[in-house]
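So the chains spell out like this:
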Amino acid sequence: MNNPQLNKDGKLQHLLTTEGLPAPILLKILDTAESFVGVTQRDIKKVPLLRGKSIFNLFFEPSTRTRTTFEIAAKRLSADVVNLNIAASSQSKGETMLDTVNNLSAMNADMFIVRHSQSGAAHLIARHVRPEIHVINAGDGRHAHPTQALLDMFTIRRYKHDFHNLRVAIVGDILHSRVARSQIHALTTLGVPEVRVISPKTLLPTKVERLGVHVYHDMEQGLKGVDVVLMLRLQNERMLGARLPSAEEYFKYYGLTQEKLALAKHDAIVMHPGPMNRGIEIDSAVADGKQSVILPQVTFGIAVRMAVMTILAGN
Ligand code: CP
């Protein structure tokens, strides 16, 4: 099938989704990110790989981690970064998203990093821009969040070393989660033999098994013997109507506590993309506990985003 992210030579032109990305490309991103971890730990955290390039952060939806780590990553690569303040931009006067993109392209943009509440927004921009401009999807609706999934894969590989002997559980609101979709595609492509999703029926997409996952509705059953627990945020802003009796009941059945985590392997790691709802999907004792690698995920996100931008720019 034609993959809109790849050019005619099979190289990455845009990063829009992990779906359909071949394992060698995913591994190239992870391996390149390894080389940038050292840069992010130096006194002078800069390399000149993207010197002279103009990168535009277009965040039409709120973000703390993704927007900031893309900005830091671009600056560490010596690029010029512009964070468009959407609320203060001409979008508020009725300018369309593509007209905004046209105007920024006329300022010689080299790369757009796009977050939008509408699924498909980054794809639309990627189809619209000149061929020399690259687009990175920083999260679109409930569709995809590829750099989050890649930094999650990087974190898993750092702590567990090999994808081929792992049991991974993704817990929570799968239905509304772009992160879960991108994680499932990346985990299965990288050869994880058992990916579980644990969720109430009301928060699961229909026919989710077709993505190659095993479905559990009981957290105690689903967590047994897993190596990695990927928690998800309840995406209240994307829910149409009530899908849960109450936050308290959700926490009782699907919140990650120390007692439930004890059912996983003793050395299991706990991850969360953030922002976290403490006491709703995860207990503070777990979020801040010794098995949590939630903050290392954020740190690794810088190296992974440096890798993606460098590869797209052809370095
Ligand atoms: N994980 C994530 O996308 O967080 P932000 O919404 O803060 O970018």
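Residues numbered from 1 in each chain as written. Predicted model: local features only at pLDDT ≥ 70, side-chain atom pairs only at ≥ 80, totals over all residues. Heavy atoms only, no water.

## Points about the overall build of the chain
Within the chain, the secondary structure is distributed over eleven helices and nine strands. Taking 315 residues into account, the globule formula puts the C-alpha radius of gyration at 20 Å, and the chain, at 19 Å, falls close to it. When the backbone C-alpha atoms are referred to their principal axes, the chain occupies close to 55 × 40 × 40 Å. Within the chain, buried positions represent 55% of all 315 residues. In the chain, once contacts between residues fewer than 6 apart in sequence are set aside, the share between residues at least 24 apart is 74%. Of the roughly 13800 Å² that the chain leaves accessible, carbon and sulfur atoms contribute 52%. (Helix = DSSP H or I, 4+ residues; strand = E, 2+ residues; numbered from the N terminus. Rg over C-alpha atoms; globule rule 2.2 N^0.38 Å. Buried < 20%, exposed > 50% of the residue type's maximum accessible area, 1.4 Å probe, protein only. Contact = heavy atoms within 4.5 Å. Areas by Shrake-Rupley, 256 points an atom, 1.4 Å probe, with all protein chains shown as cover.)

## Thoughts on the sheet that holds strand β1 (residues 54-59)
Taken in spatial order, the four strands line up as β2-β1-β3-β4 in an open sheet, and their pairing is parallel. Of all strands in the sheet, those bounded by a partner on one side alone are β2 (80-84) and β4 (134-140). Adjacent strand axes in the sheet meet at a mean angle of 15° when their direction is disregarded. Direction of pairing for β1 relative to strand β3 (residues 111-116): parallel, over a ladder of five bridges. Residue pairing across strands places Ile55 opposite Met111, the latter belonging to β3. Sitting on the sheet, helix α11 (residues 294-312) is in contact with β1, β3 and β4, with an inclination near 145° to β4. (Pairing = 2+ DSSP bridges. Axes fitted to C-alpha atoms, helices over the stretch in contact; angles between N-to-C directions.)

## Looking at the domain arrangement of the chain
Domain parsing of the chain yields domain 1 (23-144 + 298-313) and domain 2 (146-293). On a C-alpha basis, the centres of domain 1 and domain 2 stand 26 Å from each other. Roughly 2300 Å² of surface becomes buried between domain 1 and domain 2 when both sides are summed, with 62% attributable to carbon and sulfur atoms. The three residues of domain 1 that bury the most area against domain 2 are Leu30, Arg142 and Phe300, which together make up 31% of that side's buried surface. At the junction of domain 1 with domain 2, the criterion picks out four salt bridges. Across the pair Arg157 and Asp31 runs a salt bridge, and its minimum N-O distance is 2.9 Å. At the boundary of domain 1 and domain 2, one finds six residue pairs in polar contact (both at pLDDT 80 or more). Elements with a contribution of two residues or more to the side of domain 1 that touches domain 2: α1 (23-40), α2 (65-76), β3, β4 and α11. The greatest single-element share of the side of domain 1 that touches domain 2, amounting to nine residues, is contributed by α1. In terms of residue class, the side of domain 1 that touches domain 2 is made up of 13 nonpolar, six polar and eight charged. (Domains from an automatic or database assignment. Buried area = accessible area lost by both parts, 1.4 Å probe. Salt bridge = Lys/Arg side-chain N within 4 Å of Asp/Glu carboxyl O. Polar contact = N/O pair within 3.5 Å; in protein donor to acceptor, adjacent residues only side chain to side chain. Nonpolar A, V, L, I, M, F, W, Y, C, P; charged D, E, K, R; others polar.)

## Side note on the site of the ligand
Taken together, the neighbourhood of the ligand is formed by Ser63, Thr64, Arg65, Thr66, Arg115, His145, Gln148, Pro273 and Gly274. One nitrogen or oxygen atom from the side chain of Ser63 is found 2.6 Å from an oxygen atom belonging to the ligand. In the environment of the ligand, an oxygen atom lies 2.8 Å from a nitrogen or oxygen atom belonging to the side chain of Arg115. Tallied by class, residues from the shell around the ligand come to one nonpolar, six polar and two charged. Domain assignment of the residues forming the shell around the ligand places at least three in each of domain 1 (23-144 + 298-313) and domain 2 (146-293). (Near = heavy atom within 4 Å.)

## Topic: the nonpolar core
Counting 62 residues, the largest nonpolar core has Ile29, Ile136, Ile170, Leu187 and Met309 as its most contacted members. Ranked by the residues each element gives to this core, the list is headed by α11, at ten residues. Counting the residues that make up this core, at least three belong to each of domain 1 (23-144 + 298-313) and domain 2 (146-293). When neighbours within four sequence positions are excluded, Ile170 is seen to be in contact with Ala180, Gln183, Ile184, Leu187, Val195, Arg196, Val197, Ile198, Leu230 and Leu232. Leu223, Val226, Leu261 and Ala268 belong to the second-largest nonpolar core, a separate cluster that totals 22 residues. (Core = buried A, V, L, I, M, F, W, Y, C linked by side-chain atoms within 4.5 Å.)

## Here we look at the side chain of Ser78
Topologically, Ser78 is positioned in the loop between α2 and β2. A distance of 2.6 Å separates the side chain of Ser78 from the backbone oxygen of Val47, its partner in a polar contact. Ignoring any residue separated from it by four or fewer positions in sequence, one finds Ser78 in contact with Lys46, Val47, Pro48, Leu50, Arg51 and Gly52.

## Quick notes on unusual backbone geometry
Among all residues except glycine, the phi angle is most often negative; among peptide bonds, the trans geometry is most common. For the bond running from Gly274 to Pro275, omega is -5°, close enough to zero to count as cis. Along the chain, Pro275 turns up in the loop between β9 (269-271) and α10 (284-287). With phi around 65°, Asn108 is a residue other than glycine that occupies positive phi space. Relative to the assigned elements, Asn108 resides in the loop between α3 (97-105) and β3. Positive phi is not limited to glycine here, since His161 has a value of about 75°. In this structure, His161 sits in the loop between α5 (146-160) and β5 (167-171). His161 gets classed as exposed once you look at its relative accessible area, which sits at 61%.

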